[in-house]
Every structure is written in C-alpha cells, then in structure tokens.
Amino acid sequence: MSPRLSAEVLRILKPFWLSVALATLLGIVSGLSVTALLATMNDALNREGGATARLALLFAGLCILTLACSTLSNLLTNRVGQKVIARMRQELAAKILVAPIEQLERYRAHRLIPVLLNDIGTISGFALSVAPMVISLTVTLGCLSYLALLSWHILLLTLLTVVIGGGAQYLAHAIGLRSLQAARDGEDELQKHYQAISAGAKELRIQRERRHTMLERHIKGTTESICRANIRAATIFVSAETFGSMLFFAVIGMVIAFQALGSATDKSVLGGFILVMLYMKGPLEQLITTIPSISRAEVAFRRVAELSQRFSSPEPHLLLSEPPATDSTLHSIELHRLGYDYPEVEGSSAFHLGPVDLEIRQGDIVFIVGENGCGKTTLIKVLLGLYEPHQGEIRLNGQRVDAEHRDDYRQLFTTIFSDYYLFDDLAPGKQRLPAEAEKYLRRLDIAHKVSIRDGAFSTTDLSTGQRKRLALINAWLEERPVLVFDEWAADQDPAFRRVFYTELLPELKRQGKTIIVISHDDRYFDIADQLVHMHAGKVVSERVAGKEVPA
Ligand SMILES: Nc1ncnc2c1ncn2[C@@H]1O[C@H](COP(=O)(O)OP(=O)(O)OP(=O)(O)O)[C@@H](O)[C@H]1O
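Just so we're clear, the structure is a prediction, and the values are computed from it rather than from any experiment.

Caption draft 1: How the structure looks around the confidence of the model for the chain. Considering every residue of the chain, the mean pLDDT works out to 83; 91% of them sit at 70 or more. Put simply, strand 13 (residues 547-549) is where the chain has its lowest mean pLDDT, 61, and strand 10 (residues 514-518) is where it has its highest, 95. Among the scores for the predicted complex, ipTM is 0.97 and pTM is 0.72.

Caption draft 2: Region of the structure containing unusual backbone geometry. If you check the backbone angles, Asn397 has positive phi at about 50 degrees while not being a glycine. Secondary-structure assignment places Asn397 in the loop between strand 4 (391-396) and strand 5 (399-400). Residue class for Asn397 comes out partly exposed when judged on the 13 C-beta atoms lying within 10 Å of it. Non-glycine residue Glu487 carries a positive phi angle of around 50 degrees. Mapped onto the elements, Glu487 comes out in the loop between strand 9 (482-486) and helix 15 (494-510).

Caption draft 3: Molecular detail of the site of the ligand. In the region of the ligand, the neighbouring residues are Glu105, Tyr342, Val345, Phe351, Gly370, Asn372, Gly373, Cys374, Gly375, Lys376, Thr377 and Thr378. At 3 residues, helix 11 (residues 376-383) tops the list of elements feeding residues into the shell around the ligand. Along the lines of polarity and charge, the residues of the shell around the ligand split into 4 nonpolar, 6 polar and 2 charged.

Caption draft 4: Helix 11, seen in detail. Burial analysis of helix 11 places 7 of its 8 residues in the buried class, the great majority of the element. Every buried residue of helix 11 is accounted for by Lys376, Thr378, Leu379, Ile380, Lys381, Val382 and Leu383. Directly after helix 11, the chain includes Gly385, whose backbone phi takes a positive value near 80 degrees.

Caption draft 5: Focus on the domain arrangement of the chain. Along its sequence, the chain is organised into domain 1 (3-313) and domain 2 (332-549). Taking only C-alpha atoms into account, the centre of domain 1 sits 53 Å from that of domain 2.

Caption draft 6: Quick peek at the environment of His331. Its place among the elements puts His331 in the loop between helix 10 (267-310) and strand 1 (332-341). Residues His331 and Asn474 lie 143 residues apart in sequence; the distance between their C-alpha atoms is 24 Å. Among all residues touching His331, those that are not within four sequence positions of it are Gln362 and Asn397.

Caption draft 7: Structural detail: the sheet that holds strand 1. Strand order in the open sheet made by the 4 strands is 2-1-4-5, with antiparallel pairing throughout. The sheet terminates laterally at strand 2 (352-361) and strand 5, the two strands that pair on one side only. Relative to strand 2, strand 1 runs antiparallel, the two sharing 7 bridges. Residue Leu335 lies in a different strand from strand 2, and its bridge partner there is Leu358.

Caption draft 8: Layout of the pairing of strand 10. The buried fraction of strand 10 is high, at 5 of 5 residues. Of the strand pairs in this sheet, strand 3 (residues 365-370) and strand 10 are connected by 4 bridges, and their pairing is parallel. Note on strand 10: the bridge partner recorded for Val366 is Ile516. For strand 9 and strand 10, the ladder comprises 5 bridges, and the chain directions are parallel. Looking at the pairing, Phe485 lines up with Val517 of strand 10. The β-α-β motif built from strand 9, the intervening helix 15 and the parallel element strand 10 has right-handed crossover chirality.

Caption draft 9: Representation of the pairing of strand 9 in the model. With respect to burial, strand 9 is a largely interior element, 5 of its 5 residues being buried. Neither face of strand 9 is open: one carries Val482, Val484 and Asp486, the other Leu483 and Phe485, and all of them are buried. Bridge count between strand 6 (residues 413-416) and strand 9: 4 bridges; the pairing is parallel. By the bridge assignment for strand 9, Thr415 is matched with Val484.

Caption draft 10: View of the packing of helix 2 (residues 17-46) against helix 3 (residues 53-98). The geometry of helix 2 relative to helix 3 is characterised by a closest axis approach of 8 Å and an angle of 155 degrees between their N-to-C directions. In terms of their interaxial angle, helix 2 and helix 3 are classed as roughly antiparallel. The handedness of the crossing between helix 2 and helix 3 is left-handed. Among the residues making up the contact of helix 2 with helix 3, the classes are represented as 19 nonpolar, 9 polar and 2 charged.

Caption draft 11: Inspection of the environment of Gln399 at higher detail. Among the secondary structure elements, Gln399 is positioned in strand 5. For the pair Gln399 and Ser332, spaced 67 residues apart in sequence, the C-alpha to C-alpha distance is 9.9 Å.

The rules we used
- Starting afresh in each chain, residues are numbered from 1 along the sequence in its written order.
- Where totals are concerned, whole chains, interfaces and linings use all residues; where local detail is concerned, this predicted model gives features only for residues with pLDDT of at least 70, and gives and counts side-chain atom pairs only at 80 or more.
- Known as pLDDT, the predictor's confidence for each residue is given on a scale from 0 to 100.
- Starting at the N terminus, helices and strands are each numbered in turn, a helix being any DSSP run of H or I of at least four residues and a strand any DSSP run of E of at least two.
- Counting other C-beta atoms within 10 Å of a residue's C-beta gives its exposure: the residue is buried at 20 or more, exposed at 12 or fewer, and partly exposed in between, where C-beta atoms are placed from the backbone.
- We count a residue as near a molecule or strand when its backbone-placed C-beta atom lies within 6 Å of that partner.
- Lys, Arg, Asp and Glu make up the charged group, whereas Ala, Val, Leu, Ile, Met, Phe, Trp, Tyr, Cys and Pro make up the nonpolar group; the residues left over, Gly among them, are polar.
- Boundary definitions for the domains trace back to an automatic or database domain assignment.
- Here, residue contact means that the backbone-derived C-beta atoms of the two residues sit within 7 Å.
- In this description, strands pair whenever DSSP reports at least two bridges between them.
- Seen with its strands pointing away from the viewer, a crossover is right-handed if its path from the first strand over the helix to the second goes clockwise.
- Axis definition: a line fitted to C-alpha atoms, limited for helices to the stretch in contact. Angles are taken between N-to-C directions and run from 0 to 180 degrees.
- Oblique is the label for any angle not covered by the other classes, which are roughly parallel (under 35 degrees), roughly antiparallel (over 145) and roughly perpendicular (65 to 115).
- Take the far helix as your reference; a near helix turned counterclockwise from it by less than a right angle gives a left-handed crossing, and one turned clockwise gives a right-handed crossing.

Right under this line is the structure:
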C-alpha cells in the first residue's frame, strides 16, 4: 500500500478512531481465541483417555469468546464503514461547491460522476476491510506462534511457504494494477458515452449512422475493453491465489509424506500442524484477496486525490453560511485593466480577454454586445467573480475585490446564463415568496401553466422560453441589486421580447436595479444607458447615455 493511500485511510478513519480501535481489539481477541481453540482441539484429540471436562469447558468458553468478539467487531466495522462513506460523500460535495468554476468546467461531468459514485465506494470499501484484515492477520500470527511452539522446523517450512506465496501475490498486484487502471479509465469513457446517449437522444434517433457508430464502436468498444481489462486483472489475481493454495497443500502433503517415510515427527505435532495449516488457509486467503482491493483503492484514491487537488479552492471560506461581511450597497463596479486567459486548446490559439476598462454605475442598464465568440460571456464570468482575473482588478465602490471578499461581492448579483440551471424551488430564506411569485407568474404570462406549491414551482416541464421566464421569476425574487441576463430574450417570441426590453428592464431600473444584458437584439440597443461593444476579447467602443466614449 502506498504511503499516500495509508495516510488517506488514516485520515478517513481518524474521526472514528475509538470504534476502529475497539473493532480491531475485539478482532485481535477473536483471532487469539481461535488460536487457543485450535490448540485446545489438538490437545483434546491427542490426549490419552480423551477430552476432560476442563477441556470441554475451555472449548465452549473459547467458542463463545471467538464468536462474540468477531460479531461485535464486524458490527462496529460496518457502522464505521457507513459513516465513512457518508462523510466522504459530504466532503467531496463540499469540495465541488467551492471548486474554482474554470476547473469544474474543465473536469466535465463524465469524469466527476464516476468519482462520486464509484471511487468513494471503493476507498470506503477498503477502509472497511481494515478491521477484518487485522483479524486475519492476528489469526495468522497466532497460528504461526502455535506452530513455533509445536516445532521450529515446521514453522520455518510454513514461513517459507507464506513468503513464496506472498511474493507471487505481490507480483500479481503490481501487474494487475495496470489492468485495473485501464479499466477505470474506460469507466470515464463509458460515462461520456452514457451522457451522449441520454442528452443526445433526439439527435441519435434522427441520425442512423451516428446511432450505429455510438453503439457498435463507442459503447461496445469501451465496455469490451473494460471487460477485457477486468478479466485480465481477475485472471492474474486468481492465478496467484491458486498458486498460493497449491503451495499450501503441497507443504501439507510433504510433511505427511515425511511422516510416512518414517521421520520422527510426533503425532500431536503433525495433527496440530495440519489443523493449523487448514485453519490458517482461510484468514491467509482473506489477507491475500484484499490485495486486489488495495489495488482498486489505490486507483480510486489517485482519482479522488486528482480531483481534490484540481478543486482546491483559493476561497475555502465559501461554505460558511455567515451573512456577507461587506456592505451590500452598490455605487459602482469598476473593471481596471481586467484580463483573463483560457488555457491553450490543441489546434487553436488560446482566447485572451482584455485588457478591459469599464465602469458600471448603480441603476444603469448596460448592454454588452458583439459577434459570437468575442468574449461577452467570459467578461461576465470575470465580472461576476466566477473566474479569478489573471490581470487587472475589479473594484466595488472604489475598493479592490480580493479572494477573501469575492464571495460577498458575488452576492450582489443575480444571473441568468444562456446555459442556466433552473432550480425547481424558490429562492431559499424568503418569507413573502408565494404571493410575490404569483404576481410575477401573471406578469410573465405563465400563471396558467405553473403555480407555487410548498415553496416550489408545480412543474418545470415547460417550453424553453417558458422555463427562462421561470428563471427570471427566481432572479426577481432574490432581490439582489444587480441583474445579469446572458441572451435571456433569445428564446422569447417577438411580442414578449418587446415586453422584456421596453417594459420589464425599465421597470427593474425604476426599482433601483443595475442591469447588465448580453444581447444580439440591436433594435433595442437604444434603451441602454451604456452600450459596450466587444471584438476579439477587447472593448472596441463604448456609448454612455447616447455619447460615444473612447474604449
Ligand atoms: N472553457 C473554455 N476553454 C477554452 N476556451 C474557451 C472556453 N470557453 C470559451 N472559450 C473561448 O473564448 C472565446 C469567447 O467565448 P465567450 O463564450 O465569452 O463568447 P461570447 O461572446 O459570449 O459568444 P456568444 O455570443 O456565441 O455567446 C471563444 O472564442 C471560445 O473559443
């Protein structure tokens, strides 16, 4: 087991150390009493005149002790295991909630979901097997000590067997790990195809060739390569296990043959040896079969560690539910020489935003316009504090927004992105919601489709334009000072688009909101107090209240 995996297992188990220690202690007692039980049985079998009442009592007592300790140890281990799984899930979800947005966008859901679903289970499963492993180890060590009592020669022979068998297992572990890694990479690939067949169901239904390629090439190819890699790993592990068992039987056979050839081994020594070897085989095999689970846990751990490293946040305080520390009044937001670079994508040059200088004053309607791909959404993401600027800075009311205050700053905004996510419950923590929301439902002409029940929309199964109207209601109810719309009106019919630009936006402005709109609707550009025209990542012209200003 690698030191990093050991350290991680210790970290996971630390909060439950008392239960783990108790489970392990009970396991050790159970293992030792099994050894004593074997010795008692051997004694009873070889005693002149058969077993005595004392031996029978000892036997019964040891049986009860063994069973009670191992049962309690297993129950405790299971409890800890379930708690470990819950805790790891919570930890990882918390990490995702504070992870830098650009890392989340890059990591992609098809790689994230297998980590959340499979890898955590694998690591917890391994953490769970620690106590049973300790029991097996104790039984094995106890049996070896008993063998030492019986005969040194036999102990050495047994140790040699264990070392050769263990060496074979170690080798198998190293070779099998590569196959398991390949299988795990295949799982990511498969998840990607699963996503494509569910999200792209309509397109695949229409495109016969693509559908065929998806199933025959992508899904079959990936599932079969996962299958081959897992079979390869299992073949290696099972072969090594069989070799170990074979070695065991060979050694028992050899010792019996020596006895038959007239070697002077005592009958009670031989009986004890066979009894111990046959009993020890179970725990030893259990120890050996946990080797694949160590390999799997190592593969899973690397994934979780990679994810944790990528998602380590410069804003670890994000999960604190304290109210914003800064004053939430807004006078102005200034972007000063603001710049952001996407990483290089193979085959094309990286997009660079900036330097952008811009001042947004409270109560203004600001339009950000320009051709596709000129950087409008990227600018908004930096402006909202979702991407950390690589150059320049954002100033709120003249004060620089740093990492520590960035989340407070973000609380000023309500956003509807073009790829928005519609939560079906209303903004949490607001009392007046249902009455207010009903009013907005009527205002947006969807009251006949949706109602509010138990603080949630009765349905979100609506047309694209209607869903966007629901998103607008959520945004409205959040009562933040700045509203940001990324091509909100693109999915609306012409009549409602007119209502949005000529009635809703001015109404929001009258309520004192600052509004930032990304738009391609040039017929409504004149309602903007400030029109920011972008081209290739830069602001090329700016019009403030009807006057052109140099960019
Ligand atoms: N995650 C990303 N990684 C690398 N480059 C990206 C990424 N997202 C966007 N880009 C690049 O950044 C540029 C600006 O994208 P952005 O989404 O800001 O444009 P936009 O002006 O909002 O376009 P549209 O009007 O089409 O919505 C694009 O040319 C794109 O190539």
